[in-house]
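Residue-level listing of the chains:
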Amino acid sequence: MLNSALRSRAEYAEMGAEGLAARTTPERDAAVVKAVEEMLDGRESVLDLCCGYGRVALPLSKAGKVVRALDISPNLLEAGQAKAAEEELKVDWAIGSMTDLPYRSDSFDAVICLWTAFHELFGEDEQLSTIWEISRVLKPGGLAVIEGPVWGPATASEIANGLRQGPQHRIVTTEHYGTSSIHFIHDEASYGRLCAAAGIKDYKVYKREFGGRRRLILEIHQPEN
């Protein structure tokens, strides 16, 4: 199977910022930003992991956060940089993979990974590397938030049509406004295995309304020194 980073880079190079923006609405974006601001209340430095064209990074910067934003896709980062310059917002942009973060340990009060981005990692080795890296760059007392779709059992029709594949049928093909995407669907058990393997003891997994949709949230809490 193609490396997840290469697959994602190719997909978003073809889709572009306009194609990605077509998968959401201004109302959904505003609701997500409001939820994130509430969750990160009191935390100053934020890493927006897999930031795309900055639809969360830019509002967080406008709200006074110190924001760094990383993505695998140069074309999406260029769109974000152009918008930041237009709005005179300061964001530290970087190209890179979430499996190997180019930041020092204990760098951020918070890390966010939204819009199902973490779920584009199909291999458990990539998933574990990312969870470990997120934990590594959090400051003591820091918080990470990973957001994605809610797990549900595969139907016979989904399996027969190839819409659910892989172990436990966790690799899912979904439609978004005329385009399709493929994601790995997590639940409490799969997140628990990753956190245990990464040595993370303080975490929680729960479902909530997030941007107008029922979503699964993983919170990682870095212990205080």
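Please read all numbers here as calculations on a predicted model, not as lab measurements. (Residues numbered from 1 in each chain as written. Predicted model: local features only at pLDDT ≥ 70, side-chain atom pairs only at ≥ 80, totals over all residues. Heavy atoms only, no water.)

### Thoughts on the overall build of the protein
Looking only at helices and strands, the protein features seven helices and ten strands. For the protein, with 225 residues in total, the buried portion stands at 50%. Long-range pairs, those at least 24 residues apart, make up 68% of the contacts in the protein between residues at least 6 apart in sequence. Accessible area of the protein: about 10800 Å², with a carbon and sulfur share of 51%. (Helix = DSSP H or I, 4+ residues; strand = E, 2+ residues; numbered from the N terminus. Buried < 20%, exposed > 50% of the residue type's maximum accessible area, 1.4 Å probe, protein only. Contact = heavy atoms within 4.5 Å. Areas by Shrake-Rupley, 256 points an atom, 1.4 Å probe, with all protein chains shown as cover.)

### Notes on the sheet that holds strand β5 (residues 138-148)
Here we have seven strands laid out as an open sheet, ordered β3-β2-β1-β4-β5-β10-β9, and mixed in their pairing. With partners counted over all chains shown, the strands left at the sheet margins are β3 (92-95) and β9 (203-210), one partner each. Sheet twist, expressed as the average angle between the axes of neighbouring strands with direction ignored, equals 20 degrees. In terms of strand pairing, strand β4 (residues 108-113) meets β5 through five bridges, oriented parallel. In the sheet register, Cys113 faces β5, and the bridge partner there is Ile146. (Pairing = 2+ DSSP bridges. Axes fitted to C-alpha atoms, helices over the stretch in contact; angles between N-to-C directions.)

### A few points about the nonpolar core
In summary, soluble globular proteins display a tendency toward joint burial of nonpolar side chains. Leu47, Leu49, Val111 and Ile131 are the most contacted members of the largest nonpolar core, which totals 29 residues. Excluding its chain neighbours within four sequence positions, the residues that come into contact with Leu47 are Arg68, Ala69, Leu70, Leu101, Tyr103, Phe108, Ala110, Val111, Ile112 and Val137. Counting residues in hydrophobic clusters, the runner-up holds 27 residues, among them Met39, Leu60, Trp93 and Ile217. (Core = buried A, V, L, I, M, F, W, Y, C linked by side-chain atoms within 4.5 Å.)

### Focus on the environment of Phe108
Locating Phe108 in the fold gives a position in strand β4. A relative accessible area of 3% means that Phe108 is categorised as buried. A sequence separation of 35 residues divides Phe108 from Leu143, and the C-alpha atoms of the two residues are 8.7 Å apart. If we skip the residues at most four places from it in the chain, Phe108 touches Ser45, Val46, Leu47, Arg68, Tyr103, Val137, Leu138 and Lys139.

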